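Structure assessment
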Amino acid sequence: MISNRSRRSWLICTGVMLLLAVMALSGCASNRTSDSSGKGENASAQQTATDKKLVMAYTWKPSGVDPHGDNSWDVMRSGAGETLVRLNEKLEPVAWLAKEWKQDSPTVWTFSLQDKVTFHNGKSMGAASVKASLLRSIEKSHLAKDLLNVKSIDVSGPLALKITTNQPNAALVSNLADPSTIVLDVASMKDEQSYPAMTGAFKIKAFNKDQSLVVERYDGYWGEKARLAEATMKFITDGNSRLMALQSGEVDVATDIPVDNAEVLKKNDRLQVLSAPSLRTHMIVYNMESPVFKDAANRKVVDSLIPRASIVSAVMRGFSTEASSPFPSILPFGKIERKALDGTAGQLLTKDGWQKDAQGTWTKQGKPFEVTLLTFPQRPELSVMAEVIQSQLLKEGIQVKIRKVENIDEALTKNDWDFAMYSMLTAHTGEPQYFMDMFYSSKSEANVSRYSSKPLESILNSLKLAKDTAQRNAMTLQALDIINTDLPQSFIVHPDNVFGVKKGVEGFTPHPIEYYYITAQSDIAE
């Protein structure tokens, strides 16, 4: 990607002597840095090894760059943030800022930190600064607080931390891979004129609200230096607009491209489609306080009418598998059958007091079975699914009004909806507990269905204490049996991760974990 401004600068540079050209080249790079538009230009061939830049059309629009708030995933995806632990392709925790760890007792863990790590402001990272960062993440992020369940953090050496949890937390190491625990220099957050000083291969150069996040190579990085000089995440929430940006050459990578356009991209010899199974679940969340869906029978009827097989083939174009739980069956705790309806949908509704009127609509006490379904544009396939489900339910005498909202999480905090399309990465730490606690605890703000089950919460509390993997898997399956009986959600499909990528882009590999996008290995051909 190169802009007109950059091209002019390049021509000037090539017209002077070598020494001056080297000096001018530095100036050119500076000029290009200030212009990230570059529409319709083929920059790959004109970039040098030292000024390679990559532009990504990014699905979401973060409100800021504080990694200890709601935008932690966005910061992690930029390559600027790192955690003590990261997850490999097998979802196993491996060393990152912590080089090793051991469990001293059921509630005490000791972590040894990497040496020679510096923050983006040049300060050295040590046990004291990591402790301060973890305490800040716990203070700012309810997710970090719930995940870590920390009683105390003690500095036991310049590069050694001792973490004591309130109760046995078998998932602690994996949970330290969550982006909400990104390590930063806490002092850097006091200067409102600067960006957070983290430890990643890239540091934040510019955050333009509603437009983009720009990161640049951090030359003091403790690991392998970034191959790119700069990467830009353009916030393009509409899926078709991301696709058009890729096709026009405005961007090099587009995340979450609409699957119905995958075949079109495959026929473009400049582009390629990359995909991999994900740990994500597309689902319907029911509002348990809705006048209609507070009745479990109505939720079960709708669940039974969802045409999952058709959605996999016609909507997802084969880039998904049918879902029977929040976890895909590739996980040992995801293998569970969906519960069959006891009778037909009509029989169940009749038994529940509904009857069909002359127009074929189910009514009860003079009111039609009419419900509002929310959807949102950031994942366009969900809106298509909503229309398919609307059509299927209408055939059965259930009327659905679809309402699109820009911010689904904000909309779900209100109470003017009946059910909603939703999508969650359900096992992003390789453990079920993160999602289960967040989504099903009656005290959790993320329990968008307002679902409460004492038997389920009892199992979740026991899960926190279980260290043995087989025991944890068995407990999770017990929890899923309760969820599939109560049906606070209908699980539709597990989608693949699908990206559109310009040929020549390297080091961008679809991963079940969705927050390692831009890394030190990200590159683009010259």
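Each remark here, short or long, concerns the structure printed above.
About the thresholds
Residues numbered from 1 in each chain as written. Predicted model: local features only at pLDDT ≥ 70, side-chain atom pairs only at ≥ 80, totals over all residues. Heavy atoms only, no water. Core = buried A, V, L, I, M, F, W, Y, C linked by side-chain atoms within 4.5 Å. Buried < 20%, exposed > 50% of the residue type's maximum accessible area, 1.4 Å probe, protein only. Contact = heavy atoms within 4.5 Å. Pairing = 2+ DSSP bridges. Helix = DSSP H or I, 4+ residues; strand = E, 2+ residues; numbered from the N terminus. Axes fitted to C-alpha atoms, helices over the stretch in contact; angles between N-to-C directions. Parallel < 35°, antiparallel > 145°, perpendicular 65-115°, else oblique. Left-handed = near helix turned anticlockwise from the far one by under 90°. Nonpolar A, V, L, I, M, F, W, Y, C, P; charged D, E, K, R; others polar. Phe/Tyr/Trp six-rings, centres within 6.5 Å; stacked < 30°, edge-to-face > 60°. Lys NZ or Arg CZ within 6 Å of the ring centre and 35° of its normal. Polar contact = N/O pair within 3.5 Å; in protein donor to acceptor, adjacent residues only side chain to side chain. 1 Å grid on protein atoms, 1.4 Å probe; cavity = no way out; pocket = protein on both sides within 12 Å on 5 of 7 lines; lining within 4 Å. Points joined across faces, edges and corners; volume = space filled by probe spheres on them. Salt bridge = Lys/Arg side-chain N within 4 Å of Asp/Glu carboxyl O.

So, on to the nonpolar core. Ranked by internal contacts, the top residues of the largest apolar core, which has 155 residues, are Leu84, Phe369, Phe419 and Tyr440. Other than its neighbours up to four places away in sequence, Phe369 contacts Val292, Phe293, Asn298, Val302, Leu349, Trp354, Thr361, Trp362, Gly397, Ile398 and Gln399.

Pairing in this open sheet of four strands is antiparallel, and the strands run E4-E5-E7-E6 from one edge to the other. In this open sheet, the two strands that pair with only one neighbour each are strand E4 (98-105) and strand E6 (150-157). Averaged over all neighbouring strand pairs, the angle between strand axes comes to 20°, with direction disregarded. In terms of strand pairing, strand E5 (residues 108-113) meets strand E7 (residues 160-165) through five bridges, oriented antiparallel.

This paragraph deals with the packing of helix H14 (residues 433-440) against helix H16 (residues 469-486). To describe two helices that pack against each other, one gives the angle between their axes and the distance between the axes. Following both chains from N to C, one finds H14 and H16 inclined at 30°, their axes separated by 12 Å at the closest point. For the element pair H14 / H16, the angle class is roughly parallel. As for the relative orientation of H14 and H16, their crossing is left-handed in sense. Counting all contacts with H14, which are made through Gln433, Met436 and Tyr440, the residues of H16 involved are Arg472, Thr476, Ala479 and Ile483. When the residues that make up the contact of H14 with H16 are grouped by side-chain class, the tally is four nonpolar, two polar and one charged.

Turning to the packing of aromatic side chains, a few remarks are in order. Per the counting criterion, the structure on display carries 23 aromatic pairs. Ring geometry for Phe327 and Phe333: centres 5.0 Å apart, planes at 90°, overall edge-to-face. Look at Phe333 and you get buried, because its relative accessible area is 3%. Relative to Tyr440, the ring of Phe435 lies with its centre 5.7 Å away and its plane at 85°, an arrangement referred to as edge-to-face. Under the relative-accessibility criterion, Phe435 is labelled buried at 0%. Residue Tyr440 is classed as buried on the basis of its relative accessible area of 0%. Feature note: the residues Phe327, Phe333, Tyr422, Phe435, Phe439, Tyr440 and Tyr451 constitute an aromatic cluster, connected by ring pairs. Note that Arg86 overlies the ring of Trp96, its terminal NZ or CZ placed 5.0 Å from the centroid. Taking the ring centre of Tyr516 as reference, the NZ or CZ of Arg86 above it sits at 4.1 Å.

Turning next to unusual backbone geometry. Its identity as a non-glycine residue notwithstanding, Asp256 has a phi of 50°, on the positive side. Along the chain, the position of Asp256 falls in the loop between strand E11 (253-254) and helix H8 (262-266). Backbone geometry places Arg450, a non-glycine residue, at a positive phi of 60°. Mapped onto the secondary structure, Arg450 falls in the loop between H14 and helix H15 (454-463).

So, on to the pairing of strand E13 (residues 280-286). Each regular strand shows side chains that alternate between the opposite faces of the sheet. Burial runs high along E13: seven of the seven residues are buried. Burial along E13 is two-sided: Arg280, His282, Ile284 and Tyr286 and Thr281, Met283 and Val285, pointing in opposite directions, are all buried. Relative to strand E20 (residues 419-425), E13 runs antiparallel, the two sharing seven bridges. Among the inter-strand pairings, Thr281 is bridged to a residue of E20, identified as Met424.

As a further point, take the pairing of E7. Buried residues dominate E7, accounting for five of its six residues. The pairing of E6 with E7 spans six bridges and is classified as antiparallel. Residue Val150 lies in a different strand from E7, and its bridge partner there is Thr165. Taken together, E6 and the strand that follows it, E7, pair antiparallel across an intervening segment of two residues.

Examined against the element boundaries, Thr426 turns out to sit in the loop between E20 and H14. Given the relative accessible area of 0%, Thr426 is considered buried. Within polar-contact distance, the side chain of Thr426 engages the backbone oxygen of Pro326 at 2.8 Å. Look past the residues within four positions of Thr426 in its chain and what remains in contact with it is Leu279, Thr281, Pro326, Phe327, Pro328, Glu431 and Phe435.

Moving on to the layout of surface pockets. The computed volume of the largest pocket comes to approximately 1500 Å³. What lines the largest pocket is a set of 42 residues, and nearest its centre among them are Trp60, Asp70, Asn407, Asp409 and Tyr422. For the lining of the largest pocket, the secondary structure elements donating two or more residues are helix H3 (72-77), helix H5 (142-148), helix H13 (408-412), E20 and H14. Considered class by class, the residues forming the lining of the largest pocket number 16 nonpolar, 14 polar and 12 charged. For the second largest pocket, the calculated volume is near 550 Å³. Taken together, 23 residues line the second largest pocket, and the ones lying closest to its centre are Asp146, Asp437, Met438, Ser441 and Lys464. Counting only elements with at least two residues in the lining of the second largest pocket, the list comes to H5, H14 and H15. Ranked by the residues each element gives to the lining of the second largest pocket, the list is headed by H5, at five residues. Tallied by class, residues from the lining of the second largest pocket come to six nonpolar, 10 polar and seven charged.

Here the focus is empty space enclosed by the protein. Applying the stated criterion across every chain, the model contains four cavities of 30 Å³ or more. One number sums up the size of the second largest cavity: a volume of about 100 Å³. If you go around the second largest cavity, you meet 13 residues; those closest to its centre are Asp256, Arg379, Glu381, Asp496 and Val498. Elements with a minimum of two residues in the lining of the second largest cavity: E13 and strand E21 (489-502). The leading source of residues in the lining of the second largest cavity is E21, at four residues. Grouping the constituent residues of the lining of the second largest cavity by class yields five nonpolar, two polar and six charged.

This paragraph deals with the pattern of salt bridges. Inspection of every chain in the model, using the stated rule, returns 21 salt bridges. Salt bridges sharing common partners tie together Arg77, Asp256, Arg280, Arg379 and Glu514.

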